[in-house]
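# Structural description and commentary
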Amino acid sequence: MDTASLPLPGASLPDGDAPLPTSPDQLLARLDALGIQATTHSHPPLHTVEESKALRGALPGGHCKNLFLKDKKDQHWLVVALEDAPIDLNRLDKVIGSARLSFASAERLWRFLGIRPGSVTPFALVNDTERKVRVVLQQAMMEHDLLNYHPLLNDRTTAIRRDDLLRFIRACGHEPAIVEFGRIEVDRAE
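In this text the structure is predicted, and so the values were computed from the model without any measurement.

## Thoughts on helix α4 (residues 106-113)
Every buried residue of α4 is listed here: Arg 108, Leu 109, Trp 110, Phe 112 and Leu 113. Phi turns positive one or two residues past the end of α4, at Gly 114, with a value near 65°.

Take a look at the structure:
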């Protein structure tokens, strides 16, 4: 990836037609070069978990949401969890060891991960060559063998094995923290 294509700090979000620093095809080629098997399905653009649930059909595996956050000390965080995980930003900071958290702007999302809102994904770490983003993966999500994420655009979904996700993240120069949070407890009748 050519980091010169990423805007300078303080630059605004490019228009919707501007090319991504890494295309979905380049991402999939990178996965292939790492020996990572992935299956990608095309669909209409999805912007919310609700839209995803309605249109994904019977795609197997854990379906996930991704939060790009910044803390009070200006550290950036990518938090990845199962789509239904309750995440309380007022408590998450204590769990992951950050300062107080808030959602990062679209401009920061573009600057640090090279993607647009609605397409947040751990695959965007391919663009964080300076390793400015800390990665947090939900423990409950990592209990699924197969996981689903957008491959840099929200008009497709890529399924990847849990261990391959970790291998990809590490190949991007990040060491993810696997943290227990947002687990939904199911009552079981005896």
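Let's pick the thread back up.
## Some points on the nonpolar core
Ranked by size, the top nonpolar core spans 35 residues in total, and within it Met 141, Tyr 149 and Phe 168 carry the most contacts. Counting residues per element, the ones that place at least two in this core are α1 (24-33), β2 (62-71), β3 (76-82), α4, β5 (133-138), β6 (146-149) and α5 (162-171). The contacts of Tyr 149, once residues within four sequence positions are left out, are Cys 64, Asn 66, Val 80, Thr 121, Pro 122, Phe 123, Met 141, Arg 156, Thr 157, Thr 158, Ile 160 and Leu 165. With 13 residues, the next largest nonpolar core counts Leu 67, Leu 89, Leu 92 and Val 179 among its residues.

## Points about the side chain of Thr 121
Its location among the elements puts Thr 121 in the loop between α4 and β5. For Thr 121, a relative accessible area of 0% corresponds to the buried category. For Thr 121, the side chain forms a polar contact with the main-chain nitrogen of Phe 123, separated by 3.1 Å. Not counting residues within four places of it along the chain, the set of residues in contact with Thr 121 comprises Asn 66, Leu 78, Ile 115, Tyr 149, His 150 and Leu 152.

## Description of α1
Listing the buried residues of α1 in full gives Pro 24, Leu 27 and Leu 31. Mapping the buried residues of α1 onto a view down its axis gives an arc of 60°, with all of them on the same face. Opposite the buried face of α1, by more than 90 degrees, sit the exposed residues Asp 25, Asp 32 and Ala 33. Within two residues after α1, Gly 35 carries a phi angle of roughly 75°, on the positive side.

Conventions we followed
Residues numbered from 1 in each chain as written. Predicted model: local features only at pLDDT ≥ 70, side-chain atom pairs only at ≥ 80, totals over all residues. Heavy atoms only, no water. Buried < 20%, exposed > 50% of the residue type's maximum accessible area, 1.4 Å probe, protein only. Helix = DSSP H or I, 4+ residues; strand = E, 2+ residues; numbered from the N terminus. Core = buried A, V, L, I, M, F, W, Y, C linked by side-chain atoms within 4.5 Å. Contact = heavy atoms within 4.5 Å. Polar contact = N/O pair within 3.5 Å; in protein donor to acceptor, adjacent residues only side chain to side chain. Arc of directions from axis to C-beta.

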